[in-house]
Amino acid sequence: MGVGAPAIIPPKTPQVDRPWGQGNMTSLGRRARVGTFLQPPGRMALCAHLLARYGMPRVVKWHLHGREQTEMAGPCLLAFNHISHFDPMILTGAIRRKVEWMTSAEFYVHPLAAVCWRAIGSISIDRSRRDAAGTKQALRRLQNGAAVGVFPEAGLRTGSASVLEGAPLRSGTTRLAALAGAPIVPGVILGSDRLYRAVRWFSFQRTPVWVAFGQPLPPGADAEDLARALRALYHDLRACYGLQPDDLPATPQHRKGREPGNP
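We now examine the packing of helix α5 (residues 132-143) against helix α6 (residues 172-180). In contact at an axis separation of 10 Å, α5 and α6 are set at 45° when each is read in the N-to-C sense. Taken together, the axes of α5 and α6 lie oblique to each other. The crossing of α5 and α6 is right-handed. Residues Thr135, Ala138, Leu139 and Leu142 of α5 form the contact with α6, whose own contacting residues are Leu176, Leu179 and Ala180.

Below you can see the structure in the form of structure tokens.
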């Protein structure tokens with residue numbers, strides 16, 4: 001399969017969603033992973049992971065495809081489209097492996113928020129400029145074997161501004177993968193933007209969220225390879241579930257009812 005080829009999404013047969021720590025691993029592997037989480041600042045990471053893993057299913061109904069692509073050993077970059085501020089929490093719950101997210105510096109402005117983000121191992125990135133310090137930190141994490149999550153669109157993107165609808169990607173993610181010698185797992189998330197409506201958090205009906213993980217791209221892949229893989233996953237998800245216009249990404253303002261028109 002060539003670079004950028006999409007994952008083959010099977011017919012509507014959702015994966016069995018097993019609790020964290022009950023994947024296809026030996027008991028020794030599970031103990032080793034739990035031991036890693038319990039080391040400082042691993043306790044905060046464990047709490048955040050458990051909150052996402054067991055709290056989000058009360059609100060979100062996951063439809064997951066290709067999750068096994070994230071369970072490889074060694075370093076990898078997980079590259080997703082970005083449609084809501086809830087994406088990292090939702091994806092943390094959906095992925096069995098610990099993910100260290102590259103997070104916009106604006107989320108570190110409040111001192112308490114900054115402490116929490118750093119405690120769970122997030123990497124602060126200043127999107128307004130080339131952030132060499134943040135990039136070096138992410139590179140060190142990858143060289144130490146971590147899974148690093150990134151949103152290569154550098155912000156929330158919908159419609160023609162989104163890579164899913166043809167917008168180009170910056171090359172930062174693929175350059176980081178090349179420097180670290182790490183593969184890139186492309187991923188697409190749809191539906192999480194509906195959570196901007198407060199009623200969704202208190203409804204008895206869970207909000208559907210669709211997530212597809214593609215086959216890993218080699219470290220030598222470029223930004224266009226990654227963009228093609230993301231678009232292919234997007235079209236596969238739409239075809240697999242027959243998604244309607246209201247299921248597709250929309251702005252926070254639209255979801256909150258403050259913006260007229262359809263997404």
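Next comes the rest of the write-up.
Positive phi is not limited to glycine here, since Ala154 has a value of about 60°. Note on placement: Ala154 falls in the loop between β5 (147-150) and α6. What makes Ala154 buried here is its relative accessible area of 18%.

For the rest of this paragraph, the subject is the pairing of strand β6 (residues 184-190). Burial within β6 is extensive, with seven of its seven residues counted as buried. Burial of the side chains of β6 extends over both faces: Ile184, Pro186, Val188 and Leu190 are buried on one face and Val185, Gly187 and Ile189 on the other. As defined by bridge partners, strand β2 (residues 76-80) adjoins β6 across four bridges and the pair is classed as parallel. Opposite Leu78, over in β6, you have Val185 as the bridge partner.

Next up on the list: the pattern of salt bridges. Evaluated as defined, the whole model comprises 10 salt bridges. Between Glu100 and Lys98 there is a salt bridge, with its nearest N and O atoms 3.4 Å apart. Glu100 sits in the buried class, given a relative accessible area of 11%. Residue classification places Lys98 among the partly exposed positions, given a relative accessible area of 27%. For Arg194, the salt bridge identified is with Asp247, shortest N-O distance 2.5 Å. Placement of Arg194 in the loop between β6 and β7 (207-213) and of Asp247 in the loop between α7 (223-241) and α8 (252-255) is noted, with a sequence separation of 53 residues between them. Residue Arg194 is classed as buried on the basis of its relative accessible area of 9%. The class for Asp247 is buried, based on a relative accessible area of 12%. Within this structure, Asp193, Arg194, Asp246, Asp247 and Arg255 form a network of salt bridges that share partners.

All right, on to the side chain of Arg231 then. Mapped onto the secondary structure, Arg231 falls in helix α7. By relative accessible area, which is 16% here, Arg231 ends up buried. At 2.9 Å, the side chain of Arg231 forms a polar contact with the backbone oxygen of Ala167. Beyond its immediate chain neighbours, meaning those up to four positions away, Arg231 contacts Val163, Leu164, Gly166, Ala167, Pro168 and Glu224.

Cut-off values and rules
- Residues numbered from 1 in each chain as written.
- Predicted model: local features only at pLDDT ≥ 70, side-chain atom pairs only at ≥ 80, totals over all residues.
- Heavy atoms only, no water.
- Axes fitted to C-alpha atoms, helices over the stretch in contact; angles between N-to-C directions.
- Helix = DSSP H or I, 4+ residues; strand = E, 2+ residues; numbered from the N terminus.
- Parallel < 35°, antiparallel > 145°, perpendicular 65-115°, else oblique.
- Left-handed = near helix turned anticlockwise from the far one by under 90°.
- Contact = heavy atoms within 4.5 Å.
- Buried < 20%, exposed > 50% of the residue type's maximum accessible area, 1.4 Å probe, protein only.
- Pairing = 2+ DSSP bridges.
- Salt bridge = Lys/Arg side-chain N within 4 Å of Asp/Glu carboxyl O.
- Polar contact = N/O pair within 3.5 Å; in protein donor to acceptor, adjacent residues only side chain to side chain.

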